[in-house]
Amino acid sequence: MKVTVRLIGPLAYTAGFSEKEITLAASATAADALAHVHLGKARQTIVTRNGRAIADHDGLEDGDRLTVSPVYSGG
Amino acid sequence: MLGWTGHILRVDLTSKTFKKESFTEEFAKTWLGGRGFAVKILFDELQPGIDPLGPENKLVVALGPISGIPAPNTGKAVVAAKSPLTGFYGDGNLGTRVTDQLRKAGYDAMIVEGKADRPTLLYIEDDKVEFLAAEPVWGKGTFATNDWIYARYGKGVGVLNIGQAGENLVRYAVIRSMEGRAGGRPGMGAVMGSKLLKAIVVKGTKPIPQADPAGMKAVGTADLKEVHRIDKDTGWSRQGTTGVLAWCDEVAALPVHNFRQTRHPESWKIDGQRLDEARVATYGCPTCTMRCGIAIHDHEGRESELDYENVGLLGSNLDVFDLAQVGSLNYLCDDYGLDTMSAGCTLGFYADAIEHGATEGDFRFGDAERAKELLGLAARREGKVGNLLADGSLRMARAFGHGSEAYAMQVKGLEVAAYNCKFIPGMALAFGVAGIGAHHREAWIITFELKLSTRDSYGPDKAAKVIELQRIRGGMFESIVACRFPWIEIGWELDHYPKYFNLVTGLDWTLDDMWKLADRIYAMLKLHYVREFPNATRKDDYPPAVWFQPDNADVDGPIAGKHLDHDKYDQLLQHYYDQRGYDRRGIPTRETLAKLGLSREAEAAAKYATLS
């Protein structure tokens, strides 16, 4: 299946992209998808699937949009 | 007593006199500094019911025991007064060299009272205070005023100044410093203007008393470098606070179209990445090694320094998705001395009210050019529309009627920050119970809600999290007076702050001591409120009504069909009151006040309002 990974803020500089599509096995989880992304010494992050927060072990579906963001303080 | 200078400068603009007053060690240990000093001083010295724009109001500039000490992000000052926007205590913080200069002049705080008989520049140099003519810059913007001051006194002085908005008593006029910094959202600039006080300039040359200056210097210098290193490693300051815009859009929390919508397909045009690409300069506060002020060239080619709140409320909230135009709106707010957040919410409300037929007018969402004109009208209080805009969204809604108050995006009169809580109950609570009206500075729990809880829960854990964040953000950081960003943005541990505090004071405080202080401050903020509004109810702690309306729910996306639930919010509010020890109106009980050591203050408040 294909999943779009979007990286927010400085994570994009570390990984070298802000958004890209990756191909995963049909039973892949969020953790499997993130294994494809180099986040360096990233501090705490929050992962959402189609705008809703998910855990690492949650499964994905074809066409999902996975977003990884640092935990911000809100300006 | 070490760490504090032990002195407050009291200036009377009416009589052109000043006094150097001492405070006790007990006062220092009870209220610490910054917001702690300000809530206590203004509670004791202001009579409820006074006109916030009259000479009887007082402006407090308050610093903390680590202010002026080289350590991570300690270059902040708190400015406070009775707010002309909300009608009770208001404050804000801003990065400024007044912080170290006033401490070096020998003061931990300054109280300005009375009213000058002509536009005045207050010049403080150590023990000297001068009342100088400010006519050459009266009527000028903050940038020209700042340049004029620097030309006369050099760039090393501390400056607080106002623009036309403060002079013309716009209720959300701010105080400005260092050309790019602003603070005092609830009209602290208007309080200066009401006193004909155009600027305060401070120069100090004395050492700041410290228990262990060598130890503090060693720790502070090393920590400044370490914060810088971590920031570079994480890359946080590449986008600064504006990185959060893309995330808010992703999770349906972005203000769009006066908060009617939570996402927008063009939001990427004004996000942190675009801002970083357009960057022409970077600015920051004193003693900051993770500077977040990203300047771009605006539509007219001027430098404009942006952060997330500016972009969210002057950009997406007005449907302006042209970064240079957002820069222009921000530049004008900065130059006039308008709070960018209240300005963005008030303009958004105006466009929404026109769209919904509550009033007539020629302003439409997305019209950046007309928005620029309207900011000028507001800053000059020009014409009917300029005067309405200058009073903020709540007063404007009351003037328009037709149910428009429901979508005036404010709490207690202070406009909300750029987080759309259409379906974020904990953050809606944070706005509802913030000490001075809807300010994000006090608690920002969206990421907690999404990561460690569930978005649609209204449980006691969310109330507990709001209290925890209020203690850290609105209590400790506002009183010790330091920027919260090293902690929250790059993971700088909270334990560093009592460590700095102990090095300069010789005391042995822990974070628990800081939380006790914070609880005392929050109780005092409520006493300020109930003293001014004796008929206060729990409804005063509700967020904007539009977030509860089913017909305002998103039609698609992550929160399609969702909205805040009235009964559940009320239950969440009760969790907060129960954990705080407040009664059903949201007022601290006498028992709670006694536990916090505030029995005397309770008696003073009880003259004006009933306490349980």
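Owing to the predicted nature of the structure, the values given are computational and were not obtained by experimental measurement. Within every chain, residues take consecutive numbers counted from 1 along the sequence as written. The lettering of chains begins at A and the numbering of ligands begins at 1, in the order of writing. The model is predicted, so local features are restricted to residues of pLDDT at least 70 and side-chain atom pairs to those at 80 or more, both for listing and for counting; the totals for chains, interfaces and linings are taken over all residues. Based on all heavy atoms of the structure, the side-chain values leave hydrogens and waters out of the count.

The subject of this paragraph is the overall build of chain A. Working definition: helices are DSSP H or I runs of at least four residues, strands are E runs of at least two. Numbering for both runs from the N terminus. Of regular secondary structure, chain A possesses two helices and five strands. In chain A, the succession of helices and strands from N to C terminus is β-α-β-α-β-β-β. Three labels apply to residues, based on accessible area from a 1.4 Å probe with only protein chains included: buried if under 20% of the type maximum, exposed if over 50%, partly exposed otherwise in between. Residues counted as buried form 53% of the 75 residues belonging to chain A. A contact between two residues is defined here by any heavy atoms of the two lying within 4.5 Å. For chain A, long-range pairs separated by at least 24 residues make up 57% of all intrachain contacts whose partners lie at least 6 apart in sequence. As displayed, chain A offers around 3,300 Å² of accessible surface, 46% of which is attributable to carbon and sulfur atoms. We treat Lys and Arg as the positive residues and Asp and Glu as the negative residues; His and chain ends play no part in the count. The atom standing in for a charge is NZ when the residue is Lys, CZ when it is Arg, CG when it is Asp and CD when it is Glu. On chain A, the mean spot of the 8 positive side-chain charges and the mean spot of the 8 negative ones are 9 Å from each other. Only the protein chains shown count as cover for residues, with accessible areas throughout obtained via the Shrake-Rupley method and a probe of 1.4 Å.

This part is about the overall build of chain B. Along chain B, the regular secondary structure elements total 25 helices and 17 strands. As a reference, a globule follows 2.2 Å times the number of residues to the power 0.38, and the radius of gyration itself is taken over C-alpha atoms. Rg of the C-alpha trace for chain B: 22 Å, near the compact-globule value of 25 Å for 612 residues, within the 12% margin. Scored against the burial criterion, the 612 residues of chain B give a buried share of 69%. Accessible area for chain B stands at about 19,100 Å²; split by element, carbon and sulfur atoms hold 50% of it. Placing the 73 positive and 81 negative side-chain charges of chain B at their respective mean positions leaves the two points 3 Å apart.

Residue and element names in this part refer to chain B. Think of it this way: DSSP has to see at least two bridges between two strands before they count as a pair. Spatial strand order, β13-β14-β15: three strands in an open sheet with antiparallel pairing. Each edge of the sheet is formed by a strand with only one pairing partner; in this case those strands are β13 (281-283) and β15 (303-306). Pairs of neighbouring strands in the sheet enclose a mean axial angle of 35 degrees, with direction left out of account. As paired strands, strand β14 (residues 293-297) and β15 are joined by four bridges and run antiparallel to one another. For Ile294, the partnering residue across the bridge sits in β15 and is Leu306. Sheet contacts for helix α12 (residues 323-336): β14 and β15; angle to β15, the most-contacted strand, approximately 90 degrees. Think of each axis as a best-fit line through the C-alpha atoms, taken over the contacting stretch in the case of a helix, with angles from 0 to 180 degrees between the N-to-C directions.

Another point: the packing of aromatic side chains. Residues and elements named next belong to chain B. The rule is short: rings of Phe, Tyr and Trp, with Trp giving its six-membered ring, pair when the centres are within 6.5 Å, and they are stacked under 30 degrees, edge-to-face over 60, tilted in between. The full count for this structure, using the stated rule, is 28 aromatic pairs over all chains. For the ring pair Phe349 and Tyr407, a centre distance of 5.5 Å and an interplane angle of 35 degrees mean the geometry is tilted. Here the residue Phe349 occupies a position in helix α13 (residues 340-355), and Tyr407 occupies one in the loop between α16 (392-400) and β16 (410-411), the gap between them amounting to 58 residues. Residue classification places Tyr407 among the buried residues on the basis of a relative accessible area of 7%. Note on Tyr419 and Trp444: the rings are 5.3 Å apart at their centroids and 75 degrees apart in plane angle, and the pair reads as edge-to-face. Of this pair, Tyr419 sits in the loop between β17 (414-415) and α17 (425-433) while Trp444 is found in the loop between α17 and α18 (446-451), placing the two residues 25 residues apart along the sequence.

This next bit is on the nonpolar core. All names here are of chain B. Here, nonpolar core refers to any group of buried Ala, Val, Leu, Ile, Met, Phe, Trp, Tyr and Cys residues whose side-chain atoms link them within 4.5 Å. Membership of the largest hydrophobic core comes to 178 residues, with the highest contact counts inside it found for Trp247 and Phe431. Setting aside chain neighbours within four positions, we find Phe431 in contact with Val411, Val416, Ala417, Tyr419, Cys421, Gly437, Ala438, His439, His440 and Trp547. Counting 30 residues, the second largest nonpolar core, distinct from the first, contains Leu9, Val98, Ala105 and Val191.

Moving on: unusual backbone geometry. Of note, A:Asn50 is a non-glycine position whose phi angle comes to about 55 degrees, a positive value. Position of A:Asn50 relative to the elements: it lies in the loop between β3 (45-49) and β4 (52-53). One non-glycine residue with positive phi stands out, namely B:Asp126, at about 50 degrees. Here B:Asp126 is to be found in the loop between β7 (120-125) and β8 (128-133).

What follows is about the interface of chain B and chain A. Facing the 33 residues of chain B at the interface are 24 residues of chain A. For the chain B and chain A pair, buried surface summed over both sides reaches about 2,500 Å², with 53% attributable to carbon and sulfur atoms. Only one rule defines a salt bridge in this text: a Lys or Arg side-chain nitrogen within 4 Å of an Asp or Glu carboxyl oxygen. For the pair chain B and chain A, the number of links is two salt bridges. Among the salt bridges present, the one from A:Arg6 reaches B:Glu250, with a minimum N-O distance of 2.7 Å. Looking at the side of chain B that touches chain A, the elements that each hand over two or more residues are α7 (213-234), α8 (236-239), α9 (243-250), α10 (272-278), α18 and α20 (485-490) of chain B. Using a 1.4 Å probe, buried area is obtained as the accessible area two parts lose upon being combined, added over both of them.

All names here are of chain A. Across the sheet, five strands lie side by side as β2-β1-β5-β3-β4; this open sheet has mixed pairing. Either end of the sheet is taken by a strand with one partner, and the two such strands are β2 (19-23) and β4. As defined by bridge partners, β3 adjoins β4 across two bridges and the pair is classed as antiparallel. Bridge assignment links Arg49 to a residue of β4, and that residue is Arg52.

All names here are of chain B. Here α12 crosses helix α14 (residues 368-380) at 5 degrees, and the two axes come no closer than 10 Å. When the axis of α12 is compared with that of α14, the two are roughly parallel. Facing α12, whose interface residues are Gln325, Ser328, Leu329, Leu332, Cys333 and Tyr336, α14 presents Ala368, Glu369, Ala371, Lys372, Leu375, Gly376, Ala379 and Arg380. Among the residues making up the contact of α12 with α14, the classes are represented as eight nonpolar, three polar and three charged. Note on terminology: angles under 35 degrees are roughly parallel, angles over 145 are roughly antiparallel, angles of 65 to 115 are roughly perpendicular, and the others are oblique. Under this grouping Gly is polar, as are all residues other than the nonpolar Ala, Val, Leu, Ile, Met, Phe, Trp, Tyr, Cys and Pro and the charged Asp, Glu, Lys and Arg.

What follows deals with the confidence of the model for chain A. Taken over all residues, the pLDDT of chain A has a mean of 90, while the share at 70 or more is 95%. One confidence number per residue, pLDDT, is output by the predictor and ranges from 0 to 100. The secondary structure element of chain A with the lowest average pLDDT is β4(A), at 90, and the one with the highest is strand β1 (residues 2-7) of chain A, at 96.

The subject of this paragraph is the environment of B:Glu45. All names here are of chain B. Looking at where Glu45 falls in the secondary structure, it is placed in helix α2 (residues 34-45). A sequence separation of eleven residues divides Glu45 from Glu56, and the C-alpha atoms of the two residues are 9.6 Å apart. Aside from chain neighbours lying at most four places away, what touches Glu45 is Arg10, Lys58, Ile111 and Glu113. A polar atom in the side chain of Glu45 sits 2.8 Å from the side chain of Lys58. We define a polar contact as two N or O atoms separated by no more than 3.5 Å, with the added condition that, inside protein, one atom must be a possible hydrogen donor and the other a possible acceptor, whereas residues neighbouring each other in sequence contribute only through side-chain atom pairs.

Looking now at the state of the cysteines. All names here are of chain B. Sulfur atoms of two cysteines make up a disulfide when they are within 2.5 Å. Considering all chains together, one arrives at zero disulfides over all chains under this definition. Of all cysteine sulfurs in the structure, the one in Cys333 sits closest to Cys345, which takes part in no disulfide; the separation is 11 Å. Owing to a relative accessible area of 0%, Cys345 belongs among the buried residues under this scheme. Here Cys421 is not disulfide-linked; the sulfur of Cys248 is the nearest cysteine sulfur, at 9.4 Å.

A side chain with one charge may pair with a side chain of the opposite charge, provided their charged atoms come close. Residues and elements named next belong to chain B. All told, the structure shown has 61 salt bridges over all chains when counted by the stated rule. Across the salt bridge formed by Arg10 and Glu45, the nearest N and O atoms sit 2.7 Å from each other. Remark: Glu45 occurs in helix α2 and Arg10 occurs in strand β1 (residues 7-12); sequence separation between them is 35 residues. Taken together, the shared-partner salt bridges connect Arg10, Lys19, Glu21, Glu45, Lys58 and Glu113 into one network.

Our focus in this paragraph is helix α15 (residues 383-390) of chain B. Residues and elements named next belong to chain B. The set of residues buried in α15 consists of Gly386, Leu388, Leu389 and Ala390. At its buried positions, α15 is contacted by α13, α14 and α16. Phi for Gly392, located one or two positions after α15, is positive at around 90 degrees.

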